[in-house]
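Structural features, examined
Chain by chain, the residues:
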Amino acid sequence: MKNIVLIGFMGTGKTSTGRLLASRLGRPFIDVDRKLEQECKMTVAEFFAAHGEILFKQKEKSLIAKIARYHNSVISTGGGSVEDQANFHKLRENGVIITLTASIDIILERTGRRRGVRPLLDCDNPAEVVKELLAKRGHLYQNTDYMIDTSTYSPHQVAEKIITFLRTGGYLRGRS
Ligand code: S3P
């Protein structure tokens, strides 16, 4: 069965929704950032500090190439992963792609709750960076199988809406 792949900007709820979705569907949950942290034995923030963003993206790309070949899993990706179109195409070959979005205010509120974990926003003016990155990346999160604005929903509600979409679209083949 196809993977269910969550993409979207930082703070849109990919990890919390993905975990809930996987548990509701009884499927394995893979978070690309956590996988990278396990393999490299350091946090994403530590990786950025030690090796920089370019090497982070290389490592992310090789992990995605591997993870995209899994089956039947729920996969949540890092917000910047789709900047490399090859990542998007690999994930799509074997997956239903779902975009999570949120308003700028909500993104700032959610990402501001846990400081120091997102190196790109660890700066004097995260609001400016979020706006710039959204302007640069916005189009990359389009044209997926399903898109949901999570601004006013809890991860539970988002997971339920995704399940309804998957059922209606025949992606679950009667399961869950
Ligand atoms: C990034 C998003 C992060 C993480 C890294 C880079 C980005 O993941 O991969 O800090 O470039 O948007 P989340 O989207 O899970 O926060």
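Residues numbered from 1 in each chain as written. Predicted model: local features only at pLDDT ≥ 70, side-chain atom pairs only at ≥ 80, totals over all residues. Heavy atoms only, no water.

**Side note on the nonpolar core**
Ranked by internal contacts, the top residues of the largest apolar core, which has 29 residues, are I7 and F9. Of all the secondary-structure elements, those providing two or more residues to this core are strand 1 (3-8), helix 2 (32-40), helix 3 (44-67), helix 4 (85-93), helix 5 (104-113) and helix 6 (126-137). Beyond its immediate sequence surroundings of up to four residues, F9 is in contact with K14, G79, L100, I107, V130, L133, L134, R137 and Y141. By size, the runner-up hydrophobic cluster in this structure holds 17 residues, among which are I4, L6, A159 and L172. (Core = buried A, V, L, I, M, F, W, Y, C linked by side-chain atoms within 4.5 Å. Buried < 20%, exposed > 50% of the residue type's maximum accessible area, 1.4 Å probe, protein only. Helix = DSSP H or I, 4+ residues; strand = E, 2+ residues; numbered from the N terminus. Contact = heavy atoms within 4.5 Å.)

**Observations concerning the site of the ligand**
All residues adjacent to the ligand are M10, K14, D33, V44, F56, G78, G79, G80, R118, P119, L120 and R137. Take K14: an N or O atom from its side chain is 2.8 Å from an oxygen atom of the ligand. A distance of 3.1 Å is found between an oxygen atom of the ligand and a backbone nitrogen or oxygen belonging to G80. Considering the ligand on its own, with 380 Å² of exposed area, one finds that the protein chains cover 94% of that surface. The class makeup of the residues in the shell around the ligand is five nonpolar, three polar and four charged. (Near = heavy atom within 4 Å. Polar contact = N/O pair within 3.5 Å; in protein donor to acceptor, adjacent residues only side chain to side chain. Areas by Shrake-Rupley, 256 points an atom, 1.4 Å probe, with all protein chains shown as cover. Nonpolar A, V, L, I, M, F, W, Y, C, P; charged D, E, K, R; others polar.)

**Considerations on the pairing of strand 1**
The buried fraction of strand 1 amounts to six of the six residues, a majority that puts the element mostly inside the structure. Residues N3, V5 and I7 line one face of strand 1 and the alternating positions I4, L6 and G8 line the opposite face, and both faces are buried. Relative to strand 4 (residues 95-101), strand 1 runs parallel, the two sharing six bridges. From the neighbouring strand, N3 faces strand 4, where its bridge partner is G95. For strand 1 and strand 3 (residues 74-76), the ladder comprises three bridges, and the chain directions are parallel. Residue pairing for strand 3: I4 is matched across the bridge by V74. (Pairing = 2+ DSSP bridges.)

**Thoughts on helix 1 (residues 14-25)**
Given 3.6 residues to a turn, an α-helix orients residues that are three or four positions apart in the same direction. For helix 1, with 12 residues, the first-to-last C-alpha span of 16 Å sits near the 16 Å given by 1.5 Å per residue. Where helix 1 is concerned, the buried positions are K14, T17, G18, L21, A22 and L25. Projected down its long axis, helix 1 carries its buried residues within an arc of 130 degrees, all on one side. In this structure, the buried residues of helix 1 make contact with strand 1, strand 2 (29-31), strand 3, strand 4 and helix 7 (155-168). Immediately beyond the C-terminal end of helix 1, within one or two residues, lies G26, with a positive phi of roughly 65 degrees. (Expected span 1.5 Å × (residues − 1). Arc of directions from axis to C-beta.)

**Here's the deal with the packing of aromatic side chains**
To describe a pair of aromatic rings, you give the distance between the ring centres and the angle between the ring planes. Counted according to the given criterion, the structure contains four aromatic pairs. Consider the rings of F47 and F56, whose centres lie 6.1 Å apart with planes at 70 degrees: the pair is edge-to-face. Of the aromatic side chains, those joined through ring pairs into one cluster are F47, F48 and F56. (Phe/Tyr/Trp six-rings, centres within 6.5 Å; stacked < 30°, edge-to-face > 60°.)

**Details of helix 5**
Of the residues making up helix 5, those classed as buried are I106, I107 and T111. Taken end-on, helix 5 shows its buried residues confined to a sector of 120 degrees, consistent with a single buried face. Residues of helix 5 that are exposed and angled more than 90 degrees away from the buried face: D105 and R113.

**Some thoughts on unusual backbone geometry**
Notably, N72 is not glycine yet its phi reads approximately 60 degrees, a positive angle. Residue N72 is classed as partly exposed on the basis of its relative accessible area, which comes to 23%. Unlike most non-glycine residues, N143 shows phi in positive territory, near 55 degrees. Within the secondary structure layout, N143 lies in the loop between helix 6 and strand 5 (146-149). What makes N143 exposed here is its relative accessible area of 66%.

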